[in-house]
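Take a look at the letters that make up each chain.
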Number of protein chains: 2
Amino acid sequence: MRARTTRQLEVIRTVIQAADRPLTVAELHAEAARELPGLGIATVYRAVRDMARDRMIVAVNYPGQPTRYEAALARHHAHFICHHCKRVFDVEGPEEVPLPRRRPKGFKFTGNEVVYYGSCADCARMGRGKR
Amino acid sequence: MRARTTRQLEVIRTVIQAADRPLTVAELHAEAARELPGLGIATVYRAVRDMARDRMIVAVNYPGQPTRYEAALARHHAHFICHHCKRVFDVEGPEEVPLPRRRPKGFKFTGNEVVYYGSCADCARMGRGKR
DNA sequence: TTTTTGTTGATAATGAAATATCAATACCCA
DNA sequence: TGGGTATTGATATTTCATTATCAACAAAAA
């Protein structure tokens, strides 16, 4: 049972590779469906499951919302969550995040992640600047 | 319909105020039930909903797991997620998190949050040090 | 082409968190 | 202390994300 190269997989992969931010399955489906009307949501779920298994994409989770996925790029980056539209954007990562001065003993710190909050350009423009 | 001071609310509030890490409703229920056997999970959900509404506690979300809640303390702190047991711990926040050098134009950065990853003392001790 | 069989799309099913329902209970004020 | 009524506990229901099912379809090989 060798894998087949289908039009839907091609489109789904292209969309997620081209995206500049992590997408939910729904967002990915909506975008891919523009190129391929009739695309089933189940197909997107299957594609995402497989790509995640193969490490082509990585899962990203944030408050209340469904899991998002983005291409597994090597470059380090952080996320920016818009308080208003709740979309998640990729932004350049911070220079460096220092470890806490005091660390609970016995704990091993192996990595960190930074999330910035604020208003995205669209929302800020609409006067929803604060919070 | 004035609010009443019930034993269950007292216990639930005490537990979450005393906790040194964000708790899921299940964790909170388990802990409170030790003091008050028979405590219903629905009561915990109701208490949490109300406390969150009144800003006594804040919601904290992380990958795959249900929403966690913790006392809304003023002091700034970060979270530490153990790769193994998945528990979330409070740790002292980093000195300072610099903004990305390049920021998408129009975006307003209003805050940030840091999450550290690694092994908690318990898991590290059990030889599950790496990852 | 024809055949084989992996893949798709529609949808039912599942799983889990959170909310709604309601009779029984227990606060708390008169 | 008695009773009106907010709250509780058990559980049904809802809500959604995700997975399973399966007939129809379409890659890829012959």
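Cut-offs used in this document
Residues numbered from 1 in each chain as written. Chains lettered and ligands numbered in written order. Predicted model: local features only at pLDDT ≥ 70, side-chain atom pairs only at ≥ 80, totals over all residues. Heavy atoms only, no water. Least-squares fit on C-alpha atoms with pLDDT ≥ 70 in both. Domains from an automatic or database assignment. Contact = heavy atoms within 4.5 Å. Buried area = accessible area lost by both parts, 1.4 Å probe. Salt bridge = Lys/Arg side-chain N within 4 Å of Asp/Glu carboxyl O. Polar contact = N/O pair within 3.5 Å; in protein donor to acceptor, adjacent residues only side chain to side chain. Nonpolar A, V, L, I, M, F, W, Y, C, P; charged D, E, K, R; others polar. Helix = DSSP H or I, 4+ residues; strand = E, 2+ residues; numbered from the N terminus. Expected span 1.5 Å × (residues − 1). Buried < 20%, exposed > 50% of the residue type's maximum accessible area, 1.4 Å probe, protein only. Arc of directions from axis to C-beta. Core = buried A, V, L, I, M, F, W, Y, C linked by side-chain atoms within 4.5 Å. Near = heavy atom within 4 Å.

A word on the relation of the copies chain B and chain A. Rotating chain B by 179 degrees and moving it 0.1 Å along the rotation axis overlays it on chain A with an RMSD of 0.2 Å. Taken together, the turn and the small shift mark the pair as related by a two-fold rotation axis. Looking at the rotation axis and the C-alpha trace of chain B, the residue lying nearest is V114(B), at 2.4 Å.

For the rest of this paragraph, the subject is the domain arrangement of chain A. All names here are of chain A. Once the domains are mapped, chain A shows domain 1 (7–71) and domain 2 (77–125). Each side of the interface is counted separately: domain 1 has 9 residues, and domain 2 has 10 residues. Approximately 810 Å² of surface area, both sides summed, lies buried where domain 1 meets domain 2, with 53% of it carried by carbon and sulfur atoms. Looking at the side of domain 1 facing domain 2, the largest losses of area belong to R21, Y62 and E70, adding up to 58% of the total buried there. Put simply, domain 1 and domain 2 have 0 salt bridges between them. On the surface where domain 1 and domain 2 come into contact, there are 4 residue pairs in polar contact (both at pLDDT 80 or more). The residue makeup of the side of domain 1 that touches domain 2, split by class, is 3 nonpolar, 1 polar and 5 charged.

Here we come to helix α3 (residues 41–53) of chain B. All names here are of chain B. If you check α3, its first and last C-alpha atoms are 18 Å apart, about what 13 residues at 1.5 Å a residue would give, namely 18 Å. For α3, the set of buried residues is T43, V44, A47, V48 and M51. Each buried residue of α3 sits inside an arc of 130 degrees when the element is viewed along its axis, so together they form one side. The exposed residues of α3 that point more than 90 degrees off its buried face are Y45, R49 and R53. Turning to α3, the residues buried within the fold contact α1 (7–18), α2 (25–35), β2 (57–60) and β3 (68–71). Immediately beyond the C-terminal end of α3, within one or two residues, lies R55, with a positive phi of roughly 65 degrees.

This part covers the nonpolar core. Judged by nonpolar contacts, the single largest core of 26 residues is most densely connected at F80(A), Y116(A), F80(B) and Y116(B). If you list the elements that add at least two residues to this core, you get β4 (77–82), β5 (88–92), β6 (108–119) and α4 (121–125) of chain A together with β4 (77–82), β5 (88–92), β6 (108–119) and α4 (121–125) of chain B. In this structure, L9(A), V11(A), I12(A) and M51(A) belong to the second largest nonpolar core, which totals 17 residues.

Looking at DNA strand C, there are 20 residues lining it, with R4(A), T6(A), T43(A), R46(A) and T5(B) nearest. For DNA strand C, the fraction of protein-proximal atoms (within 4 Å) that sit in sugar or phosphate groups is 64%. Between DNA strand C and T67(B) there is a distance of 3.4 Å, counted from a phosphate oxygen to a side-chain nitrogen or oxygen. Of all the secondary-structure elements, those providing two or more residues to the surface near DNA strand C are α1 (7–18) and α3 (41–53) of chain A together with α3 of chain B.

Next up on the list: the interface of chain B and chain A. Contact residues are listed per partner, giving 38 residues for chain B and 38 residues for chain A. The junction of chain B with chain A conceals about 3200 Å² of combined surface from both sides, 60% of it contributed by carbon and sulfur atoms. Looking at the side of chain B facing chain A, the largest losses of area belong to F107(B), Y116(B) and Y117(B), adding up to 18% of the total buried there. For the pair chain B and chain A, the number of links is 2 salt bridges. Across the pair E95(B) and R101(A) runs a salt bridge whose closest N-O atoms are separated by 2.8 Å.

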